[in-house]
Amino acid sequence: MLERRKTKQIYVGDVAVGGDAPVSIQSMTNTRTSDIEATVRQIKSLESLGCDIIRVAVPDNDSVAALVNIKSRIKIPVIADIHFDYRLALKAIKNGADAVRINPGNIGNNEKVVAVIQTAKESGIPIRIGVNSGSLEKDIVKKYGVTARALVESALRHVDFFEKNDFYNIKISVKASSIPLTIDAYRLLCNKVDYPLHIGITEAGTLFKGMIKSSVGIGALLSEGIGDTLRVSLTGNPEDEVKVGWEIVKSLNLRQRGPEFISCPTCGRTEIELADLAAKVEKSLEKLKEPLSIAVMGCPVNGPGEAKNCDYGIAGGKGQGIIFKKGVVVEKVPEKDLLERFVNLLREDGYN
Ligand code: SF4
């Protein structure tokens, strides 16, 4: 088990962040928050995939008004994401946001930030100080350039301000789209503060590249024990953010949820349409919460061995496949019926 860096613990709704809490998975809706039906539908879908905390953009009064209704229909805590207009932060807190994320640098003068701090304090909710390489203060950029030092200086400046206002219910992020820059910044930051850290690679890109950049960046930080909650940023469907986030924490044995899938890379011996079959098996079982091991293997060389060592498995053959359960052959099935038969077997065993 990786050793995690010790931090203070805060609560976003009923989800603990930092301390000995597991690394929580966040995502952000991409619906218009004022479109209540679409937003609730998306959040419920993300909940079913294991999203622990959801963030919603609150750019206007219609969005802030929608928070009450949205909150009443979902299970997971909501973070209101606020830029520029501090009054939206005040209203979001009054409308039940479980936390707010602000970049104090773009909220305006100190009085406005203090108003947000006071309202959060009265409601007992945390604030994420979200520093981003794209919106650093001019004087800091002049002094340090866009560097890890600059990101950390900016974060520490805000932390100092919050502490002077007697507010400690904080988590911090220092994000950049460059992986080395992000890693350096978090390494530097975690030696300066013991607040929980929200980690991620900002604007990581479309599914394929974004998934790789996020996995490398977030994975590197987590492997050093840095990071208490994470968001994988992808251009596209937020469901993918949650799925990728879970795969990252599962791959480092930080958390377990749902099946561990094993499938072979295929080769000249493969005798069934394995890539298609493996993808369909994964898709059919993606909402299972039980930590099963499932193997989908292409041929009789390594196939039966791997499949037998898993809770459930398929080993392909010529136009057919063998289904295993806990090392025992259940049946031999024609290729066209393999997926249905395999999924049905799990359903019959209570894995729905
Ligand atoms: Fe090739 Fe069989 Fe290994 Fe798959 S399990 S890569 S088909 S040898």
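If you're wondering where the values come from, they're calculated on a predicted model, not measured in any experiment.

A. Structural view of the UniProt feature "domain: IspG TIM-barrel" (unreviewed entry) in the protein. Per the UniProt record, "domain: IspG TIM-barrel" (unreviewed entry) is annotated on residues 7-246. For residues 7-246, the helix share is 46%, the strand share is 18%, and the end-to-end C-alpha distance is 22 Å.

B. Highlighting the site of the ligand. The local shell around the ligand holds 12 residues, among which Cys264, Cys267, Gly298, Cys299 and Asn302 are the closest. Residues that form the shell around the ligand fall into these classes: six nonpolar, five polar and one charged.

C. Region of the structure containing the UniProt feature "binding site: [4Fe-4S] cluster" (unreviewed entry) in the protein. Mapped onto the present numbering, the UniProt feature "binding site: [4Fe-4S] cluster" (unreviewed entry) falls on Cys264, Cys267, Cys299 and Glu306. You can see Cys264 is positioned in the loop between β11 (260-263) and α10 (274-284). Residue class for Glu306 comes out partly exposed when judged on the 19 C-beta atoms lying within 10 Å of it. With residues up to four places along the chain from it excluded, the contact list for Glu306 reads Ile262, Ala295, Met297 and Gly313.

D. Geometry of the sheet that holds strand β12 (residues 293-297). Ordered in space as β11-β12-β13-β14-β15, the five strands form an open sheet in which the pairing is mixed. Across the chains shown, the open sheet's two edge strands, defined by having one partner strand only, are β11 and β15 (328-334). Mean inter-strand twist for the sheet, computed between neighbouring axes without regard to direction, equals 15°. For β12 and strand β13 (residues 312-317), the ladder comprises four bridges, and the chain directions are parallel.

E. Here's a closer look at the pairing of β12. Across the five residues that make up β12, a large majority, four, are buried. Across four bridges, β11 lies against β12 in parallel orientation. When the sheet's bridge partners are listed, Phe261 is paired in β12 with Ile294. Taking the sense of rotation as the criterion, the β-α-β connection linking β11, α10 and β12 turns out left-handed.

F. Structural view of the sheet that holds strand β6 (residues 99-102). Overall, parallel pairing links the eight strands, which are arranged β8-β7-β6-β5-β4-β3-β10-β9 in an open sheet. Whereas interior strands pair on both sides, the edge strands pair on one side only; in this sheet they are β8 (170-175) and β9 (198-199). Strands in contact with helix α3 (residues 86-94) are β5 (78-82) and β6; relative to β5, the strand with the most contacts, it is inclined by about 170°. Set on the sheet, helix α6 (residues 148-164) makes contact with β7 (127-132) and β8; between it and β8 the angle comes to about 160°.

G. Expanded view of the domain arrangement of the protein. Parsing the protein into structural domains produces domain 1 (9-251) and domain 2 (260-348). Using only C-alpha atoms to locate each centre, domain 1 and domain 2 end up separated by 39 Å.

H. Layout of helix α4 (residues 110-123). The terminal C-alpha atoms of α4 lie 20 Å apart, and with 14 residues this matches the ideal 20 Å at 1.5 Å per residue to within 8%. Residues of α4 that are buried: Val113, Val116, Ile117 and Ala120. What you see down the axis of α4 is that its buried residues fit within an arc of 100°, all on one side. In α4, the exposed residues that point more than 90 degrees away from the buried face are Glu111 and Glu122.

I. Focus on the nonpolar core. Counting residues in each nonpolar core, the largest one holds 75 residues, and the members touching the most others are Ala80, Ala89, Ala92, Ala97 and Val100. The element that contributes the greatest number of residues to this core is α6, accounting for seven residues. Residues contacting Ala80, with those up to four places away along its chain left out, are Val56, Val58, Leu67, Ala89, Ala92, Ala97 and Val100. One finds Leu277, Ala278, Ala307 and Leu339 within the second-largest nonpolar core, a separate group that totals 23 residues.

J. Geometry of the confidence of the model for the protein. For the protein, the mean per-residue pLDDT works out to 94, and 100% of the residues sit at or above 70. Under the prediction, the complex receives an ipTM of 0.99, its pTM being 0.89.

K. Summary view of the packing of helix α1 (residues 36-48) against helix α9 (residues 238-251). In contact at an axis separation of 10 Å, α1 and α9 are set at 20° when each is read in the N-to-C sense. The pairing of α1 with α9 is recorded here as roughly parallel in orientation. The handedness of the crossing between α1 and α9 comes out as right-handed. Here α1 contributes Gln42, Ser45 and Leu46 to the contact with α9, which in turn contributes Pro238, Glu239 and Val242. Tallied by class, residues from the contact of α1 with α9 come to three nonpolar, two polar and one charged.

L. Main features of the packing of α1 against helix α2 (residues 61-73). One way to put it is that α1 packs onto α2 with a least axis distance of 10 Å and a crossing angle of 35°. As for the relative orientation of α1 and α2, their crossing is right-handed in sense. Contacts between α1 and α2 involve Ile36, Thr39 and Val40 from the former and Ala66, Asn69, Ile70 and Arg73 from the latter.

M. Representation of the pairing of β6 in the model. The alternating pattern of β6 places Ala99 and Arg101 on one face and Val100 and Ile102 on the opposite face, and all of these are buried. Pairing between β5 and β6: four bridges, direction parallel. Directly across from Asp81, in β6, lies its bridge partner Arg101. Handedness of the β-α-β unit built from β5, α3 and β6 comes out right-handed. Between the parallel pair β6 and β7, the chain is carried across by α4, and the sense of this crossover is right-handed.

Rules behind the numbers
- The written sequence of each chain sets the order in which its residues are numbered from 1.
- Under the rules for a predicted model, residues below a pLDDT of 70 receive no local features and side-chain atom pairs below 80 are neither given nor counted, while totals for whole chains, interfaces and linings still include all residues.
- UniProt positions are given in the numbering used here, feature names are shortened, and annotations may be inferred rather than shown by experiment.
- Secondary structure follows DSSP: runs of H or I at least 4 residues long count as helices, runs of E at least 2 residues long count as strands, and numbering of each begins at the N terminus.
- In this analysis, residues qualify as near a molecule or strand once their C-beta atom, positioned from backbone atoms, comes within 6 Å of it.
- Three classes are used, and their members are as follows: Ala, Val, Leu, Ile, Met, Phe, Trp, Tyr, Cys and Pro are nonpolar, Asp, Glu, Lys and Arg are charged, and the others, Gly among them, are polar.
- Exposure criterion: with C-beta atoms placed from backbone coordinates, a residue whose C-beta has 20 or more other C-beta atoms within 10 Å is buried, one with 12 or fewer is exposed, and one in between is partly exposed.
- Any residue pair is listed as a contact if its two C-beta atoms, each placed from the backbone, are within 7 Å.
- Only strands joined by at least two bridges in the DSSP assignment are considered to pair.
- Between N-to-C directions, angles cover 0 to 180 degrees, with each direction set by a line fitted to C-alpha atoms, over the stretch in contact for helices.
- The handedness of a crossover follows from its direction of travel: if, with the strands pointing away from the viewer, the path from the first strand over the helix to the second runs clockwise, the crossover is right-handed.
- Note: domain ranges come from an automatic or database domain assignment.
- Helices are assigned an expected span. That span is 1.5 Å times one less than the residue count.
- Each direction from the helix axis to a C-beta atom contributes to the arc, which is the arc of those directions.
- A set of buried residues qualifies as a nonpolar core if it consists of Ala, Val, Leu, Ile, Met, Phe, Trp, Tyr and Cys joined through C-beta atoms within 7 Å.
- Scored from 0 to 100, pLDDT records how confident the predictor is in each individual residue.
- Each angle gets one of four labels, with under 35 degrees taken as roughly parallel, over 145 as roughly antiparallel, 65 to 115 as roughly perpendicular, and the rest as oblique.
- Definitions for this section: a left-handed crossing has its near helix turned counterclockwise from the far helix by less than a right angle. A right-handed crossing has that turn clockwise.

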